Amino acid sequence: MDTGTTGETGGPEWVGLPGGLLALRRTLLALWTVLLAVATAVLLGLVAGPVWAVLALLWAAAAAWGWVLLGRNWRSWRYAERADDLLISRGVLWREETVVPYGRMQLVEVTSGPLERRYGLASVQLHTAAAATDAKIPGLVPAEAERLRDRLTALGEARSAGL
């Protein structure tokens, strides 16, 4: 008597996100850090004196910490296409893995805001009947996002036809 699964060997083939998403997030971190540091230095310099303006350097420490955390978070995002579903995994401290069956997908959309377009990125949003299982894959190259959208839509239509 045979037991276990047949066909698939090993685990799913995970695909990570391109580096453009990390560059975008780190650019935003640097921009906000500089703005907050300047505002803090000016405010403290005027109100409490120039010596207190040095406290604005705390924003640089926060930015260094955020720089590392953004890198770890970016590396944690990945997705895998399997025969019957799409896996999305993310998170460093709290790992979260979402499984979206192709037959449950109702809508797959590709979005790209102004900053994403500037960095050549797009996001794929998956909508299902249950709002809690909606999933998003951010920071994909637009060609990959469109390919994924078309593939998921085709697989979703084929799987839902059997329901």
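All figures in this text were calculated on a predicted structure; none of them were measured in a lab. (Residues numbered from 1 in each chain as written. Predicted model: local features only at pLDDT ≥ 70, side-chain atom pairs only at ≥ 80, totals over all residues. Heavy atoms only, no water.)

K.L.:
Help me out: how do you make sense of the sheet that holds strand β1 (residues 15-16) in this one?
P.N.:
Sheet strands line up and pair through hydrogen bonds in the backbone, either parallel or antiparallel. Read across the open sheet, the 4 strands follow the order β1-β2-β3-β4; overall the sheet is antiparallel. The two strands at the open ends of the sheet, each matched to only one other strand, are β1 and β4 (96-101). Taken together, the 6 bridges between strand β3 (residues 85-90) and β4 define a ladder with antiparallel strand orientation. Across the sheet, the residue bridging to Asp-85 is Pro-101, located in β4. (Pairing = 2+ DSSP bridges. Helix = DSSP H or I, 4+ residues; strand = E, 2+ residues; numbered from the N terminus.)

K.L.:
Explain the side chain of Ser-76 here, please?
P.N.:
Mapped onto the fold, Ser-76 is located in helix α2 (residues 58-76). According to the relative accessible area criterion, Ser-76 is buried, its value standing at 7%. In terms of polar contacts, Ser-76 uses its side chain to reach the backbone amide nitrogen of Gly-91, at 3.0 Å. The contacts of Ser-76, once residues within four sequence positions are left out, are Ser-89, Arg-90, Gly-91, Val-92 and Arg-95. (Buried < 20%, exposed > 50% of the residue type's maximum accessible area, 1.4 Å probe, protein only. Polar contact = N/O pair within 3.5 Å; in protein donor to acceptor, adjacent residues only side chain to side chain. Contact = heavy atoms within 4.5 Å.)

K.L.:
Would you mind going over the pattern of salt bridges with me for this structure?
P.N.:
Once the charged atoms of two side chains with opposite charge are near each other, the side chains can pair. Inspection of every chain in the model, using the stated rule, returns 6 salt bridges. Between Asp-85 and Arg-82 there is a salt bridge, with its nearest N and O atoms 2.8 Å apart. One salt bridge connects Arg-149 with Asp-150, and the closest N-O pair in it is separated by 3.2 Å. Overlapping salt bridges, with partners in common, bring together Glu-81, Glu-144, Arg-147 and Arg-151 in one network. (Salt bridge = Lys/Arg side-chain N within 4 Å of Asp/Glu carboxyl O.)

K.L.:
Looking at this structure, how should I read the nonpolar core?
P.N.:
Inside soluble globular proteins, nonpolar side chains tend to come together where they are buried. In terms of nonpolar packing, the biggest core is built from 22 residues, with Leu-86, Ile-88, Leu-126, Ile-137, Leu-140 and Leu-152 touching the most fellow members. When contributions to this core are tallied by element, the ones reaching two or more residues are α1 (19-47), β3, β5 (105-111), β6 (122-128), β7 (135-140) and α4 (142-160). Sorting elements by how many residues they give to this core places α4 first, with 4 residues. Once you skip the residues sitting within four places of it in the chain, Leu-140 turns out to touch Leu-17, Pro-18, Tyr-79, Gly-120, Leu-121, Ala-122, Val-124, Ala-145 and Leu-148. (Core = buried A, V, L, I, M, F, W, Y, C linked by side-chain atoms within 4.5 Å.)

K.L.:
Any chance you could explain the sheet that holds β6 here in plain terms?
P.N.:
The strand order across the open sheet formed by 3 strands is β5-β6-β7, and the pairing between neighbours is antiparallel. Each edge of the open sheet carries a strand with a single partner, namely β5 and β7. For this sheet, the mean angle separating the axes of adjacent strands, direction not counted, is 15°. Where β6 lies against β7, 4 bridges are found, and the strand directions are antiparallel. The partner of Leu-126 across the bridge, within β7, is Ala-135. (Axes fitted to C-alpha atoms, helices over the stretch in contact; angles between N-to-C directions.)

K.L.:
Help me understand α2, please; the structure alone is not making it clear to me.
P.N.:
An α-helix turns once every 3.6 residues. As a result, residues three or four positions apart point the same way. Across its 19 residues, α2 extends 27 Å between first and last C-alpha, which sits within 8% of the 27 Å expected from 1.5 Å per residue. Burial in α2 covers these residues: Ala-63, Gly-66, Gly-71 and Ser-76. Those residues of α2 that are buried lie in contact with α1, β2 (78-81) and β3. (Expected span 1.5 Å × (residues − 1).)

K.L.:
Help me out: how do you make sense of the confidence of the model for the protein chain in this one?
P.N.:
Should the pLDDT be low somewhere, the predicted coordinates at that spot are not to be read in detail. Here the protein chain averages 87 in pLDDT, and 90% of its residues register 70 or above. Mean pLDDT across the elements of the protein chain bottoms out in α4 (88) and peaks in α2 (95). Note on residues 1-5: pLDDT under 50 across the span, and 0 contacts to partners over four residues away in sequence or across chains. (pLDDT = per-residue confidence, 0-100.)

K.L.:
Would you explain the environment of Tyr-102 in this entry?
P.N.:
With respect to the secondary-structure elements, Tyr-102 resides in the loop between β4 and β5. Sequence spacing of Tyr-102 and Glu-81 is 21 residues, and the spatial spacing of their C-alpha atoms is 9.9 Å. Contact partners of Tyr-102, with chain neighbours within four places excluded, come to Glu-81, Arg-82, Ala-83, Asp-84, Asp-85, Leu-86, Arg-151, Leu-152, Leu-155, Gly-156 and Arg-159. Reaching out from Tyr-102, the side chain makes a polar contact with the backbone oxygen of Arg-82 at a distance of 2.9 Å.

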